[in-house]
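Results of the structural survey
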Amino acid sequence: MPLYLNDDQQMLHDSAAEFMKGEAPVAHLREFRDKQCKDGFSHALWKQFAEMGFTGILIGEEEGGLGLGHVEAGVVLEEIGRNLTPSPFLTTAVAGVEALNAGGKALRDKYFPGIIAGETVLALAIDEGTKHRPDQISMAATREGNGFKLDGKKQFVVQGGSADMLIVAARTSGSAGDEKGLTLFAVDTNAPGVSRDSARLVDSAVAAHVQFDGVTVDADAVIGEVDDGDTVLRRLLNAGRSGAAAETLGVGAGSMDITVDYIKGRKQFGELIGSFQALQHRISHLYSEMEIARATVLKAQQMLDEGSSKAELMVSVAKAKAGKATALSVKEGVQMHGGVGMTDEYDIGLYMKRDRALQEFMGDVNYHTNLVAEMHGY
Amino acid sequence: MSDLETFRAETAAWLEANCPPEMREPMTGEDDAVWGGRNATFKPGQKEWLNIMAAKGWTVPDWPKEYGGGGLSRAEAKILGQEMARLRCRSPLSSFGIWMLGPALLHFGTEAQKKHFLPPIARGEIRWCQGYSEPGSGSDLASLQTSAVDKGDHFVINGQKIWTSYADKADWIFCLTRTDKNEKHKGISFMLFDMTNEGVTTKPIVLISGQSAFCETFFDDVKVPKEYGEGVSSVVYEVNKGWDVAKYLLGHERSMISGGGSEGATSLGAKFADQVGRDAMGRLDDPMLRAQMAEMDIEVLAFRAMAERFGDTFKAGLCHPAQPNMMKYAGTEINKRRHELIMSAGGSEVLEWESDATNGGMTARSWLRTKANSIEGGTSEVMLNVISKQILRLPGA
Ligand SMILES: Cc1cc2nc3c(=O)[nH]c(=O)nc-3n(C[C@H](O)[C@H](O)[C@H](O)COP(=O)(O)OP(=O)(O)OC[C@H]3O[C@@H](n4cnc5c(N)ncnc54)[C@H](O)[C@@H]3O)c2cc1C
Ligand SMILES: Cc1cc2nc3c(=O)[nH]c(=O)nc-3n(C[C@H](O)[C@H](O)[C@H](O)COP(=O)(O)OP(=O)(O)OC[C@H]3O[C@@H](n4cnc5c(N)ncnc54)[C@H](O)[C@@H]3O)c2cc1C
C-alpha cells in the first residue's frame, strides 16, 4: 500500500475538511465553551456527524456502518484536530466501536444502531490514576449470580458525564501488573451504583471521575472473554492511541498553519516578521517535524488495517512522534504570535490547550517511549 | 497470488539463490562499499554480486531496460528493496552515477546521451564525481567561477573545484562551468568530461575523520570536445541552462544523503543493554541512556515512515518539488544525533583510533564523517531557507 491517501480516502478527507470547517470551526468551540455547555460538545453536531456517515466509520457494512478502517478514522480525526471540533467521535466511534467489534453480536446489536444514528455516546473507563497506566488496573469485578459486581474508581473518563455507556476495564482475577485477569464490560450509565462527577478540562472538554459502588451487570455485559480482556483492551487502545495521534497531528498542523499566516502579515522593524531568518528556520524545522509525524501516523494506521504484527510498535511511535511535533507546534505558535498569542481572543492558545489534553489521553510521549524500549527488548 | 506477491516470492527465491554469502554479512567499514569504475578493486564476492545484479538490470531496477535498467514498476522496485533489506543483501554498487547523474540524464539527456552514458553507469564501469563547489562558492553555488570558453568544436576549461568527493578515483566528472559571465544563474552549463584529460589534477583533502575521500580539483586549459559521437553532446540540456540540471540533480543528491536517517533502523537499545548491563527488570541499566535510545528509536522509525512516504509520493508526482530539501535536513540531523548516541553508548572503548578491536576506529570515524551530512549537498541552514521560501512561502526571497 503506498503511503499516501488513495482516491476514496482523499474524497473522505475533502468532505471531512469541508464539514468541520463549515459546521464546527474554532468559533464553534468558543461558543460551547462560553455558554459553559454541560457536556462540552453539541448533540446536534453529533447528529450531523451521523448524517455524514462518520459515526459508523468502523462499523461493518452488514451492520449498517461504512466498514472502513483506521486510516479513514484518522482522516476524520485530523480534521477534528485542525478545527478543535468538540465531539465524542474518538471515544465512541473509534475506540468504543473497535472494542465492541471484538465483542459479541448481542452487544453490537444493542449499541451500534444508536451510535450510527448519532444518539448514543460511549466513554472509556480505563485509567485509575493521574497517568495512563492500563497495566496497573486494579478495579475489582467479582462474580455474583450469573453476572458480576463492580467496585472501584476510574478517572479522566472523557465525555464520561454525557455517555450512555461506559466501557469499563476491571479485574476478574490476578492483581495490578498481571497481563491476564482483566475483563471488559459494557456498563449503562444509568445502572444503580454508578456515580459520575464531571470536571471541565483545560481545553474545555469535559471528563468524569466515575465511582462504581456494587454495580451489578449481567454476564452478557462482558465484551469478549472473561479474564481475557487484554485482547479487547489492546484493540481498543490501538484504535484510541492511533486515533489520538491523528487528532494531535491535526492540532499541530492547524496551529502551524495559523502561525505561518500570522507571521506573513505582522510587521515589526518595518518588515514582515516572516522574513526574519530566526523565525523562518524554526518554523521550517517545525514543518519538517509535522511532515514526519504525518507519515508516521498514516503508517501506523495502515499497519493496523493490514493486521501487521508490528502495528502496535508503530502506534506507540505515532503517538509519541505526533505528540512531540505538536507540542513544538503550539509552543512555537504562541511564541511567534508575540503578546497576542497570550490573549484569549487569538485562537493559538486554544490549540495549546487541546494539545495538552491530548498528550495525556492514552499515554504521553514518555509512556510510549518506554513502550518502544520494551517492545525492542531493552 | 497477485502479480506482486508472485514477484515478491520469486525475487526472494532468486536473491537467496544468487546473493553470495559474503554479500549478506553486515559491512564492516566504508571500504566494503563497491564503487566500480575503470580501476575498481573488489573483495571476495563483490564482483560476482555486481555482475549478476547488473545482468538483471537490478543495480538500477527502475531504469528502463534499454539503458541497462531492470524496467521494474515502482511497486516492484519497492519490493526488491524490501526483500534485499529483509535478506540483508548488500547494495551491489555505490555510485554517484546512479544516485545523481543518471536521474538527471534520464530527465534532461538526449536519446543519444542516454544510450551512451547510462549503461556503463548501470554496470559500474565508469565512476563519476561531482564538480560543483568552489572555494568561493559553497552555499551560494550559483556564484561559481570555473570558466568554459567556446572554441568552435571544443570548450576550454579553467578554474578550481573543491570538496570533489573521490575525484582522485573517479573516471569522469559532471561539472558546472560558467559559460556567461554576465548572468548568474543563466550563465552556467552542465558538462561531462573525462578526468584523464590533460590539465585535470586532483589533490586529496584530509578530513577530521582521518579519511580523505575529498579533493581539490584543478582545471588548467582542459580541452573538452563538444561531442563524443553523433548526438552525444558533452553539455547536458543546453549551454547556459545548466542550473536547471544542477538543481534537479541536487534534489536527488539530497534525497540520497537523507537516507542516513533511515539506515540501520534496527534498534540499538537491545545491543547496548547487553553491553552496558541490565537491571532486575531486564532494562538497560542506565535509565538516561535507555531513554535516549528509545527516543532515537522513535525518531528513526518515524523518519523511516517519512522516507517511505516521500518515495511513494515522489514517484507518483504528488510531493512538493522542494520536499527533498526537507528530507535532507531531517534525515541528516537525525543521523548525526544517532551517531552521537552510539559514541556515548560505546564509552571509552570506541575511542581507540587505531586498533584491531575497533576495526581501526570505525565507530569514531563514522561519527565524525556524519558531521558532513548536514553540510555536503547543501547545508541544513540552506535547506531551511528553501523550505521557508518554496514550501511555506514566507516573505523575503
Ligand atoms: C502578559 C503580558 C504582559 C505585558 N505587560 C506589559 C506592560 O505592562 N507594559 C507594556 O508596555 N507592555 C507589556 N507587554 C507587551 C510586551 O512587551 C510585548 O508583547 C513584547 O514586547 C512583544 O511585542 P509584540 O507582542 O508586539 O510581538 P511582536 O513584536 O509582534 O513579535 C512577534 C514575534 O516575532 C518575533 N520577532 C519580532 N521581531 C523580530 C526580529 N527582528 N527578529 C526575529 N524575531 C522577531 C518576536 O520574537 C515574536 O516571537 C506585555 C505582554 C504580555 C504578553
Ligand atoms: C564531506 C563533503 C563532501 C562533499 N562532496 C562534494 C562533492 O562531491 N562535490 C561538490 O561539488 N561539493 C562537495 N561538497 C561541498 C559542499 O556542497 C559544500 O561544502 C556546501 O555546499 C557548503 O558550502 P561551504 O562549505 O562553502 O560553506 P559556506 O557556504 O561557506 O557556509 C558556511 C556556513 O554558513 C551558513 N550559511 C551560508 N549561507 C547561508 C544563508 N544564506 N543563510 C544561513 N546560513 C548560511 C552555512 O549553512 C554554513 O553553516 C562536499 C562537502 C563535504 C563536507
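Residues numbered from 1 in each chain as written. Chains lettered and ligands numbered in written order. Predicted model: local features only at pLDDT ≥ 70, side-chain atom pairs only at ≥ 80, totals over all residues. Heavy atoms only, no water.

**Some thoughts on the overall build of chain A**
Cut-off, in case you're wondering: Counting from the N terminus, the helices are DSSP H or I runs at least four residues long and the strands are E runs at least two residues long. Any two residues whose heavy atoms approach within 4.5 Å are treated as being in contact. Only the protein chains shown count as covering a residue, and every accessible area follows the Shrake-Rupley method with a 1.4 Å probe. Two residue types count as positive, namely Lys and Arg, and two as negative, namely Asp and Glu; His and chain ends fall outside the count. By convention, the charge on Lys lies at NZ, on Arg at CZ, on Asp at CG and on Glu at CD.
When helices and strands are tallied, chain A shows 11 helices and 10 strands. Taking the principal axes of its C-alpha atoms as reference, chain A extends roughly 80 × 50 × 40 Å. Long-range contacts, defined as pairs at least 24 residues apart, comprise 74% of the intrachain contacts of chain A with a sequence gap of at least 6. When the accessible surface of chain A is summed, it comes to about 14,300 Å², and 50% of that surface belongs to carbon and sulfur atoms. Averaging the locations of the 37 positively and 53 negatively charged side chains of chain A gives two centres separated by 5 Å.

**Observations concerning the pairing of strand S1 (residues 128-131) of chain B**
Residue and element names in this part refer to chain B. Convention followed: For every residue, the accessible area (1.4 Å probe, protein chains only) is compared with the maximum for its type, and the residue is labelled buried under 20%, exposed over 50%, or partly exposed between those bounds. Note on pairing: two strands pair once DSSP finds at least 2 bridges between them.
What you see with S1 is no split at all: Trp128 and Gln130 on one side and Cys129 and Gly131 on the other are buried throughout. One ladder, built from four bridges, connects S1 with strand S4 (residues 172-178); its direction is parallel. Opposite Gly131, over in S4, you have Cys175 as the bridge partner.

**Observations concerning the environment of Ser189 of chain B**
All names here are of chain B. The criterion, for reference: We define a polar contact as two N or O atoms separated by no more than 3.5 Å, with the added condition that, inside protein, one atom must be a possible hydrogen donor and the other a possible acceptor, whereas residues neighbouring each other in sequence contribute only through side-chain atom pairs.
Relative to the assigned elements, Ser189 resides in strand S5 (residues 188-194). On a C-alpha basis, the gap between Ser189 and Asp244 in space is 9.3 Å, while along the polypeptide they are 55 residues apart. One polar contact links the side chain of Ser189 to the main-chain amide nitrogen of Asn240, over a distance of 2.8 Å.

**Some details on the interface of chain B and chain A**
One frequent convention defines the size of an interface as the accessible area lost when the parts assemble. Put simply, the rule reads: Reported buried area values correspond to the accessible surface (1.4 Å probe) lost by two parts on association, with both partners' losses combined. Salt bridges are defined as contacts in which a side-chain nitrogen from Lys or Arg sits within 4 Å of a carboxyl oxygen from Asp or Glu.
Each side of the interface is counted separately: chain B has 45 residues, and chain A has 39 residues. When the two sides are added together, the surface that chain B and chain A hide from each other amounts to roughly 3,500 Å², 63% of it contributed by carbon and sulfur. Of all residues in chain B, Ile298, Arg309 and Leu392 of chain B bury the most surface against chain A, accounting for 18% of the area lost on that side. The interface formed by chain B and chain A includes four salt bridges. Residue Glu299 of chain B pairs with Lys321 of chain A through a salt bridge whose shortest N-O separation is 2.7 Å.

**Some thoughts on the site of ligand 1**
Residues and elements named next belong to chain A. Quick note on the threshold: The criterion for a residue being near a molecule or strand is simple. One of its heavy atoms has to lie within 4 Å of it.
Arg266, Gln268, Phe269, Ile273, Phe276, Leu279, Gln335, Met336, Gly338, Gly339 and Met342 make up every residue found near ligand 1. Between ligand 1 and Arg266, the relevant distance is 2.6 Å, taken from an oxygen atom to a side-chain nitrogen or oxygen of the residue. Take Gln335: an N or O atom from its main chain is 2.8 Å from an oxygen atom of ligand 1. Across the complex, the protein chains shield 42% of the 970 Å² of accessible surface that ligand 1 would expose by itself.

**Some points on the confidence of the model for chain B**
All names here are of chain B. Put simply, the test is: pLDDT expresses how confident the predictor is about each individual residue, on a scale running from 0 to 100.
A residue-level look at chain B finds 97% of positions with pLDDT of 70 or above and a mean pLDDT of 92. Mean pLDDT values for the elements of chain B range from 86 in helix H6 (residues 242-258) up to 98 in S4. Scored below 50 in pLDDT, residues 260-265 shows 14 contacts in the model against residues more than four places distant or in partner chains. For this predicted complex, the interface confidence score (ipTM) comes to 0.95, while the overall pTM stands at 0.93.

**Examining the nonpolar core**
All names here are of chain A. What counts is decided by this rule: In plain words, nonpolar cores are sets of buried Ala, Val, Leu, Ile, Met, Phe, Trp, Tyr and Cys residues tied together by side-chain atoms within 4.5 Å.
In this structure, Phe89, Val187, Phe212 and Leu236 are the most contacted members of the largest nonpolar core, which totals 146 residues. At 14 residues, the largest contribution of residues to this core is made by helix H7 (residues 229-265). Residue contacts for Phe212: discarding those within four places in its chain leaves Met139, Leu150, Asp151, Gly152, Lys154, Leu166, Val168, Val187, Gly193 and Val194.

**Here we look at the site of ligand 2**
Inclusion rule: In this count, Pro and Cys sit with the nonpolar residues alongside Ala, Val, Leu, Ile, Met, Phe, Trp and Tyr, while Asp, Glu, Lys and Arg are called charged and the others, Gly among them, polar.
Taken together, 18 residues lie around ligand 2, and Ser133, Ser139, Trp163, Thr379 and Glu381 of chain B are the ones closest in. In this structure, ligand 2 sits where chains A and B come together, each supplying nearby residues. In the environment of ligand 2, an oxygen atom lies 2.8 Å from a nitrogen or oxygen atom belonging to the backbone of Tyr132 of chain B. Taking Gly377 of chain B, its main chain carries an N or O atom lying 3.5 Å from an oxygen atom of ligand 2. Coverage of ligand 2 by the protein chains reaches 69% of its 970 Å² of free accessible surface. When residues of the shell around ligand 2 are traced back to their parent elements, those giving at least two are S1, strand S3 (154-165) and helix H11 (380-391) of chain B. At three residues, the largest contribution of residues to the shell around ligand 2 is made by S3 of chain B. A per-class count over the shell around ligand 2 returns five nonpolar, 11 polar and two charged.

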